[in-house]
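The residues making up each chain are set out below.
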Amino acid sequence: MNWLLLCRMLGLLAMAVGASMAVSLPWAFPGPGVVTEFEEEGFRALSLSMAISLGCGALLTYVGRSPGSATVFRKEAMAVVGLGWIVAGVFGALPFWLSGTTVGDRPITFVEAVFESVSGFTTTGASTLTELEDPAAIPRCVMFWRCFTHWLGGMGIVVLVVAVLGQLGAAGKAIMRREVPGPISESVRPRVRETALTLWSIYVGLSAVLAVIFVLEGMSLYDALCHSFATMATGGFSTKNASLGGFGSPLIEFTTIVFMVFAGTNFTLFYLVFKGRRALGEGRLAKRLNPWLTDPEYRVYLGLLAGVTLLLSLGVWWRGLYPAAEAFRHAAFITVATVTTTGFGTEDFTLWGEPAKCLIFVLMFVGGCAGSTAGGVKIVRYLLFARVIGIEVEKAYRPNVVRQMKVGGVKVKAETGYEVVVYFGLILSIFVAGWLALAVIEPDAAWAADEEHAVAEKLIDCASASASCLNNIGPGFGVLGPHDNYAFFSQPGKALLIVLMLLGRLELFAILVLFTPGFWRDG
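On a predicted model such as this, the values are computed, not experimentally measured, just so you know.

Attention shifts here to the overall build of the protein. A tally of regular secondary structure across the protein gives 23 helices and four strands. In the protein, which comprises 523 residues, the proportion classed as buried is 54%. Sequence separation of at least 24 residues holds for 74% of the intrachain contacts in the protein that already meet a minimum separation of 6. For the protein, the exposed area adds up to about 21700 Å²; of that, 66% sits on carbon and sulfur atoms.

And the structure:
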């Protein structure tokens, strides 16, 4: 392991996190003459957090300045990604911890601050904060930082560092492979820096368009920016206790649905469509949209959203919970928010009946498309898994037949199928391990003592928390319902959930290798 290079890269990342806090500073001043003492405290906390992040980053960069440490190999690339997200989570927690932000009627602990930060960067959207609309609970500028961590983490802050630096060569490719999720990743351009810049350009453009639309639909600029960050990053942090339902606007909900679908789309497809527009001119719409029309993963993605929306809407309408139109609207919102792992809420889906809750729980393990900002397993893995099962079933009665695995007519290496099967096994094992560990860590008395959740089943709540954090979704069932949060869990439980969020965002291996002794040895 090249420790000097690792220090240098982590130092640059720490400085990037510190510098990005500057974007939140202006929001400490809502207007002339209305700066409160608490907002001033938030400004000081952000400023101090910037100084600490930049100072520590500069020190690490100085330590790793050796000119002989410029070559990044696979180990260093994985360490940069795995440790980089931990570094971002820790430094990103400082504004919450130093600002006097409260959880209920007490100051936020450092573990809870890291939980909030990691939840933001991993775009999970799980929160321990209970009073988002109370100006005395969290400073406005720190709230903006909370939502901005979503936006930085959505496309990957490490990818941003790759785009800015541009001199990492083959190492940048290794980092990109770990940062842009999914087993099939078609490069937008052959050069890594150009790929990173292209992805970020599309991401910035869509975020800006959404923010403008939100303002036109009645949101303040502050709310529009915060919710555009959360939507395009498929995160789910809101400035309202009732999430997007707090705005009471079907138009805002519809707009959010559309852009959540965009955020769950492979961003390479946006580039290919734009590229086709430039090549073919304004006509021939079908040819320009061909990448979307022919991509098998995207077709399954849209089909799944449509099918589940129809099932859920029929279910809640049949139960007499809403009129037909409202049933469809609410079902569409919850379906898209869950599949894309955004986690926004408008209605309490835990009241929709057991079949609906079971379906939503299954959706937590789906996720969006590879190369999107969505979390979860990713639809392309299910396509590959289905191909592997089909081939193995045929081998049962035709043992001598050799089939080439294909997805959408594209040949896939046999090793990729093996990796997908391993991933499914790991994700299931980690989910169960996290579930059981939470059940052991969390005291039974916490459920019995809380009258509001006295009837909640602890095992279901722990399973919901494990699945939600591992798949970077946010809300769950029971004590984690759409209008509740993770403040209920103990400090050790929150620490475990932080690990699950990181495992899910980095698709397991970039975090698992950090716990492997052989990874750190030379050779």
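Still more ground to cover, so stick around.
Applying the stated criterion to the full structure yields eight salt bridges. Its salt-bridge partner being Glu 41, residue Arg 44 comes within 2.8 Å of it at the nearest N-O pair. With Arg 44 and Glu 41 both in helix 2 (residues 37-63), this residue pair falls three residues apart, about one helical turn. What makes Glu 41 partly exposed here is its relative accessible area of 28%. Of the charged contacts in the structure, one is a salt bridge between Arg 146 and Glu 116, with a shortest N-O distance of 2.9 Å.

What follows deals with helix 21 (residues 491-505). Residues spaced three or four apart along an α-helix face the same direction, because each turn holds 3.6 residues. Its 15 residues place the ends of helix 21 21 Å apart at the C-alpha level, agreeing with the 21 Å of an ideal helix rising 1.5 Å per residue. Two residues or fewer past helix 21, Glu 507 is found with a positive phi of approximately 55°.

In total, this model carries 31 aromatic pairs according to the counting rule given. Ring centres of Phe 262 and Phe 270 lie 5.9 Å apart, and the angle between their planes is 90°; this geometry places the pair in the edge-to-face category. Centroid distance Phe 361 to Phe 477: 6.3 Å. Interplanar angle 40°. Geometry classified as tilted. Of the two residues, Phe 361 sits in helix 16 (residues 354-363) while Phe 477 sits in the loop between helix 20 (458-470) and helix 21, which places them 116 residues apart along the sequence. When its relative accessible area of 7% is taken as the criterion, Phe 477 is described as buried. Just above the ring of Phe 237 sits the side chain of Arg 146; from NZ or CZ to the centre is 3.8 Å.

A word on helix 18 (residues 414-441). An ideal rise of 1.5 Å per residue puts 40 Å on 28 residues; helix 18 measures up with 40 Å between its terminal C-alpha atoms. By the burial criterion, the buried members of helix 18 are Thr 416, Gly 417, Val 420, Tyr 423, Phe 424, Ile 427, Ile 430, Phe 431, Gly 434, Leu 438 and Ala 439. On the buried face of helix 18, the contacting elements are helix 16, helix 17 (379-397), helix 20, helix 21 and helix 22 (509-512).

Our next topic: the nonpolar core. Among the nonpolar cores identified, the biggest contains 143 residues, and Trp 145, Phe 267 and Tyr 486 are the most heavily contacted of them. It is helix 3 (residues 74-98) that provides the largest number of residues to this core, a total of 11 residues. Dropping the residues within four chain positions of it, Phe 267 is found in contact with Met 155, Leu 199, Ile 202, Tyr 203, Leu 206, Met 232, Phe 262, Gly 371, Ser 372 and Thr 373.

Rules and cut-offs
- Residues numbered from 1 in each chain as written.
- Predicted model: local features only at pLDDT ≥ 70, side-chain atom pairs only at ≥ 80, totals over all residues.
- Heavy atoms only, no water.
- Helix = DSSP H or I, 4+ residues; strand = E, 2+ residues; numbered from the N terminus.
- Buried < 20%, exposed > 50% of the residue type's maximum accessible area, 1.4 Å probe, protein only.
- Contact = heavy atoms within 4.5 Å.
- Areas by Shrake-Rupley, 256 points an atom, 1.4 Å probe, with all protein chains shown as cover.
- Salt bridge = Lys/Arg side-chain N within 4 Å of Asp/Glu carboxyl O.
- Expected span 1.5 Å × (residues − 1).
- Phe/Tyr/Trp six-rings, centres within 6.5 Å; stacked < 30°, edge-to-face > 60°.
- Lys NZ or Arg CZ within 6 Å of the ring centre and 35° of its normal.
- Core = buried A, V, L, I, M, F, W, Y, C linked by side-chain atoms within 4.5 Å.

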